[in-house]
Amino acid sequence: MRSHPSPELRMPDPDAIEIRLTVNGSEHRLRLQPWVTLLDALRERLGLCGTKKGCDHGQCGACTVLVDGQRINACLTLAVMKDGASITTIEGVSGGDALHPLQQAFHRHDAFQCGYCTPGQICSALGLIAEGRAATRDDIRELMSGNICRCCAYPNIVDAIAETMGMDAKPQ
Ligand code: FES
Ligand code: FES
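Residues numbered from 1 in each chain as written. Chains lettered and ligands numbered in written order. Predicted model: local features only at pLDDT ≥ 70, side-chain atom pairs only at ≥ 80, totals over all residues. Heavy atoms only, no water.

S.K.: Please explain the side chain of Thr-118 as it appears in this structure.
M.R.: With respect to the helices, strands and loops of the structure, Thr-118 is situated in helix H3 (residues 118-131). Setting aside residues no more than four positions away along its own chain, Thr-118 makes contact with Phe-106 and Phe-112. (Helix = DSSP H or I, 4+ residues; strand = E, 2+ residues; numbered from the N terminus. Contact = heavy atoms within 4.5 Å.)

S.K.: It is not clear to me how the pairing of strand S1 (residues 17-23) should be interpreted in this structure. Could you clarify?
M.R.: On a regular strand, each side chain points to the face opposite its neighbour's, so the side chains alternate between the two faces of the sheet. Taken together, the 7 bridges between S1 and strand S2 (residues 26-32) define a ladder with antiparallel strand orientation. Note that in S2 the partner of Ile-19 across the bridge is Leu-30. (Pairing = 2+ DSSP bridges.)

S.K.: Is there a simple way to explain the pairing of strand S3 (residues 64-67) in this structure?
M.R.: Burial along S3 is two-sided: the face carrying Thr-64 and Leu-66 and the face carrying Val-65 and Val-67 are both buried. With 4 bridges connecting them, S3 and strand S4 (residues 70-73) associate as antiparallel partners. The residue bridging Val-67 from the neighbouring strand is Gln-70, located in S4. Between S3 and S4, which pair antiparallel one after the other, the connecting turn spans 2 residues, and Asp-68 there sits at a positive phi close to 50 degrees. (Buried < 20%, exposed > 50% of the residue type's maximum accessible area, 1.4 Å probe, protein only.)

S.K.: How do you make sense of the pattern of salt bridges when you look at a structure like this?
M.R.: Pairing is possible between side chains of opposite charge, provided their charged atoms come close. Summed over all chains, the structure comprises 9 salt bridges. Where Arg-108 meets Glu-163, a salt bridge forms, and the shortest distance between an N and an O atom there is 2.4 Å. One end of the pair, Arg-108, is in helix H2 (residues 101-108); the other, Glu-163, is in helix H5 (residues 154-164), and 55 residues separate them in sequence. By relative accessible area, which is 53% here, Arg-108 ends up exposed. By relative accessible area, Glu-163 is classed as partly exposed at 33%. Three or more residues joined by partner-sharing salt bridges are found here, namely Asp-40, Lys-53 and Asp-56. (Salt bridge = Lys/Arg side-chain N within 4 Å of Asp/Glu carboxyl O.)

Fair warning: the whole summary comes from geometry, so function is off the table for now.
What follows is the structure, encoded as structure tokens:
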């Protein structure tokens, strides 16, 4: 049986590029091939599996993370394009043991069933709130339309986001 060479004996990969990412406040230096997506770098190189891979084609929003405060689909982003960026994944949303108010609202409003879409929903909602463009529940629905929930928890997700934004509890 052939055994794999130890990391020290592996030939250097001439295609690899060194980049620096600050992820949830911690700085990481990574050597990556230029075609590695940010999603795969987070999940497979940094072990941050909270960010989910749904479609891997930019259509479901499960992979949403915040890059320099803006929400993006990590599956459509090459990691090397984000050299020097500051990234927040779901693992970095809470403050230590205390859940973020948006996470608390998701919990209070039962805004998930299987939970697979939830990290992306929460990161996307944080981006939406920072954008300041949502004034109504319809705005929330429209601006969250890139995040699919196959369990159809949409009404509860909108309730959780609306509550966190201080909107009227009654649906508009
Ligand atoms: Fe990225 Fe679906 S996994 S949008
Ligand atoms: Fe299951 Fe959204 S809670 S996909």
